[in-house]
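Spelled out from the first residue to the last, the chains are:
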Amino acid sequence: MAADRLSGGAESGGKPGEEPGGDISPLRAPAVVSRPPVSPGAGRSAAVRRTVRSLRPRPRRLADVRAKSMPVHDPERLTTHSRVVRETVDGIRARIGDAGVIAHEPAFWTRVAAAALLHDTGKIAEGFQRQLLPGGPYWGERHEVLSLAYVDLLARAASWSADDRLMIATLVATHHRPLHGADDRRPGLASLYNEHTDWQKAFTRVQAPDGTTVPQVTSGVHHELVAWLAGMLGFDPPAHPSDGLTLADRARNLLDDLLDHWNGAPPPDPADADHDCVRSETGLLAALGQGALTLADHAGSAHISLQTHLPLPADYDIHPPHPPYPHQQHAARVNGHLVLTSPTGSGKTEAALGWAAHQIRSMPGLPRIVWTLPYRASLNAARDRFRRDLTPAPGEDLPDIGLLHGTAAHTLLREAADDECPTGPLDDGPRGTRRPGRTEPTKTMARQARARVNAMRLFAQRMRVATPHQLLTAALAGPSHSSALLEQANSLFVLDELHAYDPQTFGRLCAAMRLWKDLGSRIAVLSATLAPPLLHLVRESLTAPVTLVRAAPGTAPDRHRLALDPEPLTAPASLDRIRGWLHEGHSVLVVANTVDRARTLYEELADDARQACPGDPDAALLLHSRFRHQDRDALEHRLLQRHPERTAHDTARRGGLVVATQAVEVSLQLDFDRGAVENAPIEAVAQRAGRVNRRGRHPDGPVEFRVHQAEGHLPYDEGAVNAAWHALTTLVTEGTTTFGEQDIDRLLQLAYATEWGTAWADEARRCRDDFTRSFLAFQDPFHDHSDFEEALSEQFDGAEVLWRADEGAYRSLVKGPDGDPLLAARLLIPLRYRQLKQFKATFDPGLGVHITDGDYDPVLGLRRPAEPETVL
């Protein structure tokens, strides 16, 4: 009796016309299941379906065999799709080259190319061809399993070794599904095809509409396909085999071989280090090959060409855009891995770009640049800067910089609205400036944004910005992530603001650095505040020479007069001091550690800021994470307009107040005259200081930067906050009054010399080693690890909620005739997963989003729902 089958679509995985990866529901035999009647007006009419069917008889020739259900008038042929995917492999090879571990296997690209031709040969089956028809019946089998029969059939004629046959078969079998699934939601091939499977029923004959059975693959079409494949692979068609095996037999035998190899091998002897290394390298090569095939398949299906243009000018290291500092010149001459520490505003970005331009000359293929930052807002700011400063491809207006984070589609949608048609009326901007009014995005723009995001997920661009979440999930490999793993070969990784991560993430990134080194990639770490234990972990993890470049003392002038205050920010004396600064005409940055405290401080001080700057709509601004995306975008735009970096000739007092959380710390290039902040981990304190007198250009010289004792340690680790206060008080006790960059190094040494600092480094090292053992050994690369992906998503991306009052607008944008989910995403508000309960957020399965009854205001953001009053 056949095992449980799957109802499939155009890729044995959904409705006709869908690409692989849709939801699939298990059905009992018989495998061929008719669709329920379609109501009038739903989809195409029955008459149209009958017409299309009449034009699509059962394939009698190879030219009649289709790989896709689209385009409707002439669906893509199997031979066309296979050839396009094979040609795309050449483009991927030109990009990756023989980098790193790939150079250890001369047959790597030959195997991938063969797998590209063979990966969809199972679509020749009659069951699959009927499934492609509008309203056609589900086949219920996996085409890639039948494709294994053609790998086996051609292996001898192609003179493939046993390793060639095994690796090509592995890539073919796993380009949609893992061998072993994590659960029943998306079972692996081992669960779908096992000792209960009736292989002949699955792949030899299929039931015809009149109740009879016919061959799944006719002899004529089969022989045409074998001859075509042999010609494409460069050998004569094999003679008719005499072993009597059917295609089903061959598919079963080869799948069994794969399962035995990847799951049945005895565990290596812990004492046999050589065996362990060989097994790991073989698994890594297999995962990389899987990535090459899936990337070629997806790019070929979408008819997307991988870009060859790099926005970074080839001579950037020789001819930088501005006269370089010595540390920038040094970085541009480094060969290999780099750690750069230099003050805020001293050109770390330009130094890293110079380093990248220098590396590319000695690397194979077409290396990519991946710029990593910790926060969504910082990614957007970095991408905007690169698009402004780097070089577009010929015929383009702006460089195409990839953007990879959870809300990339939303960001690009906002950009489309700003760039394409600013047709709204002109608004009065801050301080009398004028700016174009924003236009509402249309559904067409939403489609454009979604298409660009999909293209970016296929890694078309050669330069992109990304979050650690995007990079670490590549270690999970499998059909979903192996392409990302492959793209980490022969790349340049710039890890900006590396200090901002918790020890768990820092440790995992250190593990990833070691993998990237083995893949022939090079790494640059940038930070204004990299503590000695962090530097040691980076060097220890790479197990390769790392050049440390430090900016020379005096690169940045002393910018602050450091003051420590045991009173909290909310104390009356603290508030009065800030009010005094505001009424003196200073621009003031106030940073609190929690959203609630930031909101309280804003409500206390906003009126004073407005009185000091009458008529200025941006005299007082509040920034934190709990705004709708559309409101956060507008707020950041106003902040950058109102408080830009001070120029050398800008001597006027600017006035104005910004109250913020740590959302202000990274990449927003803001500049204030005074700062009052809560104590936090020492790196966060230094980043907050970097937004006050940012380049030391204030006409009064160093300005006051006051650090207040925090009212509790949350959301930070208590040890980190206490270590920072210890370091700051020690520095003041030693006589420091003027606070410069050299003092930041001293603060880092003091903070990490504590018991907390030792524990931080130990935890990062433990997480590095655990991540390496669990995900980077590649001993068993074809098990599904989606459960860990969900955990990573929770840690990095958090959750998003919808304010109850926006439910109607959101529903209209999602479900309405002119709507689109990307438009609706502008209304969502970020939260941490652990905060969903606090905000009484409930999941709406119809909309696919959590909804909260909290209070929302576009100025103050989202607040928790009010607790009901009780009568005692």
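As a reminder, the structure under discussion sits directly above these lines.
Residues numbered from 1 in each chain as written. Predicted model: local features only at pLDDT ≥ 70, side-chain atom pairs only at ≥ 80, totals over all residues. Heavy atoms only, no water.

Here's the deal with the sheet that holds strand β22 (residues 829–831)
In spatial order, the strands read β22-β21-β24-β23; together these four strands make up an open sheet with mixed pairing. Two strands close off the open sheet at either side, each with one partner strand: β22 and β23 (842–844). Here the strands of the sheet are splayed against their neighbours by 50° on average, with no regard to which way each runs. With three bridges joining them, strand β21 (residues 799–803) and β22 adopt antiparallel strand pairing. Each residue of the ladder has a partner; that of A799, found in β22, is L831. (Pairing = 2+ DSSP bridges. Helix = DSSP H or I, 4+ residues; strand = E, 2+ residues; numbered from the N terminus. Axes fitted to C-alpha atoms, helices over the stretch in contact; angles between N-to-C directions.)

Considering the nonpolar core
Judged by nonpolar contacts, the single largest core of 172 residues is most densely connected at Y150, L485 and M513. Listed in part, the 31 residues of the second largest apolar core include A356, L403, M463 and L492. (Core = buried A, V, L, I, M, F, W, Y, C linked by side-chain atoms within 4.5 Å. Buried < 20%, exposed > 50% of the residue type's maximum accessible area, 1.4 Å probe, protein only.)

Re the side chain of R66
Structurally, R66 is set in the loop between α1 (46–55) and α2 (78–96). For R66, a relative accessible area of 9% corresponds to the buried category. In this structure the side chain of R66 is engaged in a polar contact, spanning 2.6 Å, whose partner is the side chain of D74. (Polar contact = N/O pair within 3.5 Å; in protein donor to acceptor, adjacent residues only side chain to side chain.)

Thoughts on helix α22 (residues 595–612)
Counted at 1.5 Å a residue, the expected span for α22 with its 18 residues is 26 Å, and the 25 Å between its end C-alpha atoms agrees. Of all bends in α22, the biggest is about 40°, found at L605. Taken together, the buried positions of α22 are V595, R597, A598, R599, L601, Y602, L605, A606, D608 and A609. Buried residues belonging to α22 abut α21 (572–583), β15 (588–591), β16 (620–623), β17 (657–660), β18 (674–678) and β26 (861–863). (Expected span 1.5 Å × (residues − 1). Bend = angle between axes of the 7 residues up to and from the residue. Contact = heavy atoms within 4.5 Å.)

Looking at the pattern of salt bridges
A full pass over the atoms with the stated rule returns 55 salt bridges. Taking the shortest distance from any N to any O, the salt bridge between R577 and D565 comes out at 3.4 Å. With R577 in helix α21 and D565 in strand β14 (residues 560–565), the pair connects residues that are 12 residues apart, well separated along the chain. Its relative accessible area of 28% is what places R577 among the partly exposed residues. (Salt bridge = Lys/Arg side-chain N within 4 Å of Asp/Glu carboxyl O.)

Some words on the environment of D236
With respect to the helices and strands, D236 occurs in the loop between α9 (219–233) and α10 (247–263). Of the residues examined, D236 reaches a relative accessible area of 64% and is grouped as exposed. Taking the C-alpha atoms as reference points, D236 and V226, 10 residues apart in sequence, are found 9.8 Å from one another. Here D236 is in contact with A157 and A230, once residues within four sequence places are set aside.

A short note on the packing of aromatic side chains
Inspection of the entire model under this criterion finds 14 aromatic pairs. Seen in terms of ring centroids, W139 and F203 are 6.0 Å apart; in terms of plane orientation they differ by 75°. Their pairing is edge-to-face. Taken together, the residues span a long stretch of sequence, with W139 in the loop between α4 (126–131) and α5 (143–155) and F203 in helix α8 (residues 199–203) at a distance of 64 residues. You'll find W139 and F203 in the same group, each marked buried. Centroid distance F771 to F775: 5.4 Å. Interplanar angle 45°. Geometry classified as tilted. In this pair, F771 and F775 both sit in helix α27 (residues 755–775), four residues apart, roughly one turn of the helix. For F771, a relative accessible area of 3% translates into the label buried. Aromatic rings pair up to connect F128, W139, Y193, W199 and F203 into one cluster. (Phe/Tyr/Trp six-rings, centres within 6.5 Å; stacked < 30°, edge-to-face > 60°.)

Side note on the pairing of strand β6 (residues 368–372)
Judged by how many residues are buried, β6 sits mostly within the fold: five of five residues are covered. With burial as the criterion, each face of β6 is covered, one bearing R368, V370 and T372 and the other bearing I369 and W371. Two strands pair when backbone bridges link them, and β6 and strand β11 (residues 491–496) are joined in this way by five bridges, in the parallel orientation. The partner of W371 across the bridge, within β11, is V494. Where β6 meets strand β10 (residues 463–466), four bridges bridge the pair, whose relative direction is parallel. In the sheet register, W371 faces β10, and the bridge partner there is V465.

A word on the packing of helix α25 (residues 718–733) against helix α26 (residues 741–752)
The interhelical angle for the contact between α25 and α26, taken along N-to-C directions, is 130°, at an axis separation of 8 Å. In this view, α25 runs oblique relative to α26, as classed from their interaxial angle. In this structure, α25 crosses over α26, and the sense of that crossing is right-handed. Between α25, through A723, H726, A727, L728, T730 and L731, and α26, the contact on the second element is made entirely by D743, R746, L747, L750 and A751. (Parallel < 35°, antiparallel > 145°, perpendicular 65-115°, else oblique. Left-handed = near helix turned anticlockwise from the far one by under 90°.)

As for the sheet that holds β17
Spatially, β16-β17-β15-β18-β19-β14-β20 is the arrangement adopted by the seven strands of the open sheet, whose pairing is mixed. Of all the strands in the sheet, the pair left with one neighbour each is β16 and β20 (738–739). Sheet topology places β15 next to β17; four bridges connect them, and they run parallel. What sits directly across from L589, in β17, is V658. Set on the sheet, α22 makes contact with β15, β16, β17 and β18; between it and β16 the angle comes to about 165°.

Observations concerning the environment of G181
Within the element layout of this structure, G181 appears in the loop between α6 (162–173) and α7 (189–192). A residue is classified by how much of its surface remains accessible, and G181, at 28% relative accessible area, is partly exposed. For the pair formed by G181 and H783, sequence separation is 602 residues and the distance between their alpha carbons is 6.1 Å. Excluding residues that lie within four positions of it along the chain, G181 makes contacts with R186, P187, G188 and D784.

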